[in-house]
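# An overview of the molecular structure
Listed here are the chains, written in short residue letters.
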Amino acid sequence: MKTRPEFRSCFVSVLVLLLIPFAVSAQSPAKDSQGSSILGFSPASALTEHKLEATFEALPSPEKAREWHRLFTKEPHPAASEENNRLAEFLAQEWRNQGWEDVTLRRYDVLHSSPGSVSLEMVAPVHFKASLREDPYGIDADTKNPAISGAYFGYSTSGDVTAELVYAHSGNPEDYELLRKNGISVKGKIVIVRYSNPYSYRGFKALTAEREGAAGLLIYSDPAEDGYTRGKVFPDGPWGPESHIQRGAITYDYIVPGDPTTPGWASVPGANRIAPEEARSLPKILALPLSWRDAKPLLENMNGPEVPKEWRGALPITYRFTGTVKVHMNVDMDTSVKPYTVVEARIRGGELPEEWVLIGNHRDAWVYGGVDPVSGTASMLELTRSLGEMKQKGVRPRRTIIVCSWDGEEYALTGSTEWGEQFAEDLKKQLVAYVNVDSSVSGAATTAGPEGLSFKPTAVASLAPMLVEASKDVRAPSGKSLYEAWRATSVRDKKLAGPPADSALVETRIGSGSDHTVFLNHLGRPVINLGFTGNYGVYHSAYDDHFWMSRIGDPTFEYHTALTKIWGLTALRLANADILPFDFAANAAALREFLGELERREKLAPEQVPLKKLYERIAGFEAAGKQLREATMRDLASGNVSQEKIQHLNEQLLQVESNWLDPAGIPGRPWFQHLLYSSRYTYAHLEFPGLTEAVESANWNLAAEQANLLETALEKNTELLRSAKSAWEKKE
Ligand SMILES: [Zn+2]
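### Details of the overall build of the chain
Tallying secondary structure elements over the chain gives 22 helices and 19 strands in all. Seen through its C-alpha atoms, the chain measures out along the principal axes to roughly 85 × 65 × 60 Å. Considering the chain as a whole, with its 732 residues, one finds that 63% of them fall into the buried category. Considering only contacts in the chain between residues 6 or more positions apart, those separated by 24 or more positions represent 81%. For the chain, the accessible area works out to roughly 25500 Å², and carbon and sulfur atoms hold 52% of it. Both charge centroids of the chain, one from 79 positive and one from 94 negative side chains, sit 3 Å from each other.

Below, the structure written as structure tokens:
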């Protein structure tokens, strides 16, 4: 990664000449801000960047996004299916056509899980056979496709069980506590639970049922969560109709994601693998998802004690704990090794080809994936088409931009995890950041009201300021800047009295459940997740299709391209910045907030775990971050710094993020090595994971040890920032 300053100046002037014709026609807010600064850019570089961005923002086309969307939602394409593999080849060819370089198909041999025969019936007190299917609708021909699967869960065990049914609300540990208080055991029984709001990952419900000794688990979609209680249902509105089924995997990938039989290493062909019985992420319980139409007869035939008010759903029945209902579950899963394909391509950087900015989206879908993930795929293809077009005209980014189409995300974040594990050593040194988009539009613009869909990104705190800044230069479909639209929907969604501070816009608490996980939690690389959200009740069902998106979700496809633009600006700024736009003072401020939250939530007393020193270390890190930022930004603004100096600084900035890794991992989950970020078993965000889990289990010795690890990492990074500052200030 050697700098070539002579190349840079020539590159910049060619660029300026090239871009003048485009800058005039560009209809983006960037036009108004061409004189303004950009975090990490010298005034001259910022000028070039603004022009380049204006060119870029004129390229994405909603009509093209619609076409991509239709192409990728023609047939169901779960991981390992023929259609999903065909789409991999198609995507590779498109990327070649778009001008991307080094297009490669990476193959991983993965322990996969797909349904054979599956059935569910009630055998007492009356007979009822669940359809386990979704109804077709005349208005949407795709719902009639015989290739649509029935109900199943990835990585359910196979088996045949007949047992009494117990209703366990959301299937969380506290729900089983309440059952116990009512004298009800679920041992050897079949438990029926609801998908829950707020979201809790179904794989945690499976582990909880398994730990409780249940013989089987049924998870159904109660209309209170995602059906008629919320509003109009498909095909008239965004919510789930009576027969919609939320498929999904129940993998315990919060313990270790990826191929369950290669925990921590890549499933390249011929790789060693452990026996499935030894895999910590494989469930040992039989499980099925149900529509509420299939669940209702089971629930309404119960005759035991009534549940408390909080446990009632929205069905017109009396919800009961237990009583006379016996069900027969038969699940036959094919669990065998299948190839997955990650498609990879790049535009090699013109100046710093060994520094990488990664963008990505998964390809596999439970059925058509209209929202999840094809909205993201359509946004991505408009991004790669636009960047490809610029490259064809000679406009290369300074750093290399790599794009990946992941496979098997829905099963265990598998493709990204295997790829991350395969290239771990390079990624740790060379990856500046990963910008992930799973669903780009998971909400119905037609029901979003005047402020529109909510922009809901998450990012590591060090990159939050650059994301906010970039949002000012993108136009939202409402006509406002994305920044203004974001503030307005934040006020609406959080019922605030006024717009939040910029520092409160980005959610810096990051859970799991998508492809950023390996990069952040295992490799210690900074990540950003982007997407618009709103009303959406057909998640992982057959109704999550092109009809839903083009009639209900984003009929103009303008949200798709708005997302393309913010994604592109984020990637381009990371790829072109002089000084990498990490803000460690902002990072420290977020850490102080996380620690305060833990303290308040757990009512921590100093004699349990002293946190004074940790607060001091955070303050030291904040001061060092602030001083470095001021010194470097001042000099950069003067436009008088050598490339060598900048390069040395960037290497140190990249090192800061790596220093949050503890190679031993967090207690009990060694794959998760980040000291600041992990996720709970529910996929919910979890900050200071080692410390927090120790505190929550009242293990005070472990808590003190974990606090100590954090202090050491903070100290190391404070030192690093201080030495970066003194190196920066040294006369050349
Ligand atoms: Zn997804």
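### What about the packing of aromatic side chains?
Scanning all chains against the criterion turns up 34 aromatic pairs. Centroid distance phenylalanine 72 to phenylalanine 90: 5.7 Å. Interplanar angle 65°. Geometry classified as edge-to-face. Highlighted residues: phenylalanine 72 in helix H3 (residues 62-72) and phenylalanine 90 in helix H4 (residues 82-97), separated in sequence by 18 residues. Accessibility expressed as a relative area gives 2% for phenylalanine 72, which makes it buried. The class of phenylalanine 90 is partly exposed, set by a relative accessible area of 21%. Both rings, one in tryptophan 311 and one in phenylalanine 321, keep their centres 5.3 Å apart while their planes meet at 75°; by these two values the pair is edge-to-face. Taken together, the residues tryptophan 311 in the loop between helix H8 (292-300) and strand S9 (326-347) and phenylalanine 321 in the loop between H8 and S9 connect sequence positions ten residues apart.

### Details of the coordination of the zinc ion
Here the zinc ion is held by His362 (NE2), Asp372 (OD), Asp438 (OD) and Asp438 (OD), and the distances to it run 1.9 to 2.6 Å. Seen from the zinc ion, its four donor atoms lie at angles of 53 to 145°, and the figure they make is irregular. Written as a sequence motif, the donor residues of the zinc ion are H-x9-D-x65-D. One end of the pair, histidine 362, is in strand S10 (residues 352-362); the other, aspartate 438, is in the loop between strand S12 (431-436) and strand S13 (441-442), and 76 residues separate them in sequence. We classify aspartate 438 as buried; its relative accessible area is 16%.

### Some words on the pattern of salt bridges
Throughout the structure, instances matching the rule amount to 48 salt bridges. Arginine 492 is the salt-bridge partner of glutamate 451, the closest N and O atoms lying 3.9 Å from each other. Of this pair, glutamate 451 sits in the loop between S13 and strand S14 (454-455) while arginine 492 is found in helix H14 (residues 482-494), placing the two residues 41 residues apart along the sequence. The exposure class of arginine 492 is partly exposed, given its relative accessible area of 28%. Aspartate 473 serves as the salt-bridge partner of arginine 573, at 2.7 Å between the closest nitrogen and oxygen. With a gap of 100 residues between them, arginine 573 in helix H17 (residues 558-576) and aspartate 473 in the loop between helix H13 (464-471) and H14 connect regions that are remote in the sequence. With relative accessibility at 2%, the residue arginine 573 sits in the buried group. One network of salt bridges, with partners in common, ties together Glu101, Asp102, Arg106, Glu344, Arg346, Arg348, Lys391 and Arg396.

### Concerning the sheet that holds S14
Ordered in space as S13-S17-S14, the three strands form an open sheet in which the pairing is mixed. The open sheet is flanked by S13 and S14, the only strands paired with a single partner. Examined bridge by bridge, S14 and strand S17 (residues 532-533) share two bridges and lie antiparallel to one another. Bridging across to S17, phenylalanine 455 finds its partner in phenylalanine 532.

### A look at the packing of H3 against helix H9 (residues 374-392)
Two packed helices can be described by the angle between their axes and the distance between those axes. Between H3 and H9, the shortest axis-to-axis distance is 8 Å and the interhelical angle comes to 130°. Compared by their axis directions, H3 and H9 come out oblique. Our pair here, H3 against H9, has a crossing hand that is right-handed. Residues Lys64, Ala65, Trp68, His69 and Phe72 of H3 pack against Val374, Ser375, Thr377, Ala378, Leu381, Glu382 and Arg385 of H9.

The rules behind the values
Residues numbered from 1 in each chain as written. Predicted model: local features only at pLDDT ≥ 70, side-chain atom pairs only at ≥ 80, totals over all residues. Heavy atoms only, no water. Helix = DSSP H or I, 4+ residues; strand = E, 2+ residues; numbered from the N terminus. Buried < 20%, exposed > 50% of the residue type's maximum accessible area, 1.4 Å probe, protein only. Contact = heavy atoms within 4.5 Å. Areas by Shrake-Rupley, 256 points an atom, 1.4 Å probe, with all protein chains shown as cover. Lys, Arg positive; Asp, Glu negative; His and termini not counted. Charge placed at Lys NZ, Arg CZ, Asp CG, Glu CD. Phe/Tyr/Trp six-rings, centres within 6.5 Å; stacked < 30°, edge-to-face > 60°. Donors = N, O, S within 2.8 Å, 3.2 Å for Na, K, Ca; no water. Tetrahedral: all angles 85-135°; square planar, octahedral: opposite > 155°, others 65-115°. Salt bridge = Lys/Arg side-chain N within 4 Å of Asp/Glu carboxyl O. Pairing = 2+ DSSP bridges. Axes fitted to C-alpha atoms, helices over the stretch in contact; angles between N-to-C directions. Parallel < 35°, antiparallel > 145°, perpendicular 65-115°, else oblique. Left-handed = near helix turned anticlockwise from the far one by under 90°.

In short, geometric facts, not functional conclusions.
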